[in-house]
Amino acid sequence: YGGSGTLLSNLRIAKQGDIYISADRSYMDEAIAFGLIHETQPLAYIKPVIAVAKGNPKQIKNVTDLYRESVDVAIANPDAASIGRLTKKMLTATGDWEPLKKNITVLMPTVNEIANSIKIGAVDAGIIWDATANQYDEIDIVSDPKFESFIKNIIMGVLRSSDHPTEALKFLRYLSAED
């Protein structure tokens, strides 16, 4: 369990396991380039959203509201998690990275840690996957139109290191089946 980048680093060193699931195609492409993957299949689409506490007490409506001095923001570490890598890439492309940097109070290793920080009130907002936010009753989602072109595909790959490659491949095909 961990961010896509952290898991990939572990796979490169340990070279053991049956399946790798990345929240971003770029990490799977790296795993393929390192010769770690036998076969891949897309599983689901996810998109980045601004997550806030239930009721949106800071009245955040878009990414520029995260610039306010009164808003503490958490993001995932760009070197550890796919949402962190995407957040930096996305906000750089939209011109929001530099103005937002001053309000980023913490870099977290996983998207779930950001969600938990929002849940307990340690931070006011964070950029996480919609699928993660939907797992928390204590979190509301703020969609910013700037994020719409950054939808990603969760990819599953069978590892070449698998001790059970036939079963892993069957599981991959089962999870990715339309029915």
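Procedures and definitions
Residues numbered from 1 in each chain as written. Predicted model: local features only at pLDDT ≥ 70, side-chain atom pairs only at ≥ 80, totals over all residues. Heavy atoms only, no water. Core = buried A, V, L, I, M, F, W, Y, C linked by side-chain atoms within 4.5 Å. Buried < 20%, exposed > 50% of the residue type's maximum accessible area, 1.4 Å probe, protein only. Helix = DSSP H or I, 4+ residues; strand = E, 2+ residues; numbered from the N terminus. Salt bridge = Lys/Arg side-chain N within 4 Å of Asp/Glu carboxyl O. Pairing = 2+ DSSP bridges. Axes fitted to C-alpha atoms, helices over the stretch in contact; angles between N-to-C directions. Phe/Tyr/Trp six-rings, centres within 6.5 Å; stacked < 30°, edge-to-face > 60°. Lys NZ or Arg CZ within 6 Å of the ring centre and 35° of its normal. Patch = residues over 30% accessible without salt bridge, like charges linked within 9 Å, V, L, I, M, F, W, Y side chains within 5 Å. Areas by Shrake-Rupley, 256 points an atom, 1.4 Å probe, with all protein chains shown as cover. Parallel < 35°, antiparallel > 145°, perpendicular 65-115°, else oblique. Contact = heavy atoms within 4.5 Å. Nonpolar A, V, L, I, M, F, W, Y, C, P; charged D, E, K, R; others polar.

**Student:** Got a minute to help me understand the nonpolar core in this structure?
**Tutor:** Nonpolar side chains in soluble globular proteins tend to be buried together. Core analysis: the largest hydrophobic core is formed by 39 residues, its most contacted members being I50, L66 and I128. Looking at this core, the elements with two or more residues in it are β3 (48–53), β4 (73–76), α3 (82–94), α4 (97–101), β5 (104–108), α5 (111–119), β6 (125–129) and β7 (139–142). L11, Y27, A31 and I37 belong to the second-largest nonpolar core, a separate cluster that totals 10 residues.

**Student:** Just to check I follow, could you spell out the pattern of salt bridges for this structure?
**Tutor:** Any two side chains of opposite charge can pair if their charged atoms end up close together. One pass over the structure, following the stated rule, counts 9 salt bridges. Among the ionic pairs, K54 bridges to D140, the shortest N-O distance being 3.3 Å. Placement of the pair is K54 in the loop between β3 and β4 and D140 in strand β7, with a sequence separation of 86 residues. In this structure, D96 and K146 form a salt bridge, with 3.0 Å as the shortest nitrogen-oxygen distance. Taken together, the residues D96 in the loop between α3 and α4 and K146 in the loop between β7 and β8 (152–159) connect sequence positions 50 residues apart.

**Student:** Would you explain the sheet that holds strand β1 (residues 19–22) in this entry?
**Tutor:** Each strand in a sheet pairs with its neighbour through backbone hydrogen bonds, running either in the same direction (parallel) or in the opposite one (antiparallel). Ordered by their spatial adjacency, 3 strands build an open sheet running β1-β8-β2, and the pairing between neighbours is antiparallel. Two strands lie at the open edges of the sheet, namely β1 and β2 (37–46), each paired on one side alone. Neighbour-to-neighbour, the strand axes of the sheet open up by a mean angle of 20 degrees, direction not taken into account. Pairing geometry for β1 and β8, over 4 bridges, is antiparallel.

**Student:** What should I look at first to understand the sheet that holds β6 in this one?
**Tutor:** The strand order across the open sheet formed by 5 strands is β5-β4-β6-β3-β7, and the pairing between neighbours is mixed. The strands lining the two open edges of the sheet, one partner per strand, are β5 and β7. Between one strand axis and the next, the sheet turns by 35 degrees as a mean value, whatever way the strands run. As judged from the 5 bridges shared by β3 and β6, these two strands associate in the antiparallel manner. The partner of I50 across the bridge, within β6, is I127.

**Student:** Looking at this model, I keep getting lost on the environment of M156. Mind explaining?
**Tutor:** Turning to its location among the elements, M156 is positioned in strand β8. Under the relative-accessibility criterion, M156 is labelled buried at 0%. As for M156 and T40, which are separated by 116 residues in sequence, their C-alpha atoms are 5.5 Å apart.

**Student:** Looking at this model, I keep getting lost on the packing of aromatic side chains. Mind explaining?
**Tutor:** Aromatic ring pairs are reported here in terms of the distance separating the ring centres and the angle at which the planes meet. By the definition in use, this model includes 0 aromatic pairs. When the ring centre of F34 is taken as origin, the NZ or CZ atom of R12, which lies over that ring, is 3.6 Å away.

**Student:** How should I be thinking about a nonpolar patch on the surface in this particular structure?
**Tutor:** Residues F171, Y174 and L175 make up a contiguous nonpolar surface patch of roughly 330 Å² in combined accessible area. Mapped onto the secondary structure, F171 falls in helix α7 (residues 165–176). F171 sits in the partly exposed class, given a relative accessible area of 40%.

**Student:** Any chance you could explain the packing of helix α1 (residues 4–14) against helix α2 (residues 25–33) here in plain terms?
**Tutor:** A packed helix pair is summarised by two numbers, namely the angle formed by the two axes and the spacing between the axes. Their axes nearest at 10 Å, the elements α1 and α2 cross at an angle of 10 degrees. The angle between α1 and α2 falls in the class roughly parallel. Contact residues: α1 offers S4, G5 and L8, while α2 offers Y27, E30 and A31. When grouped by side-chain class, the residues that make up the contact of α1 with α2 number 3 nonpolar, 2 polar and 1 charged.

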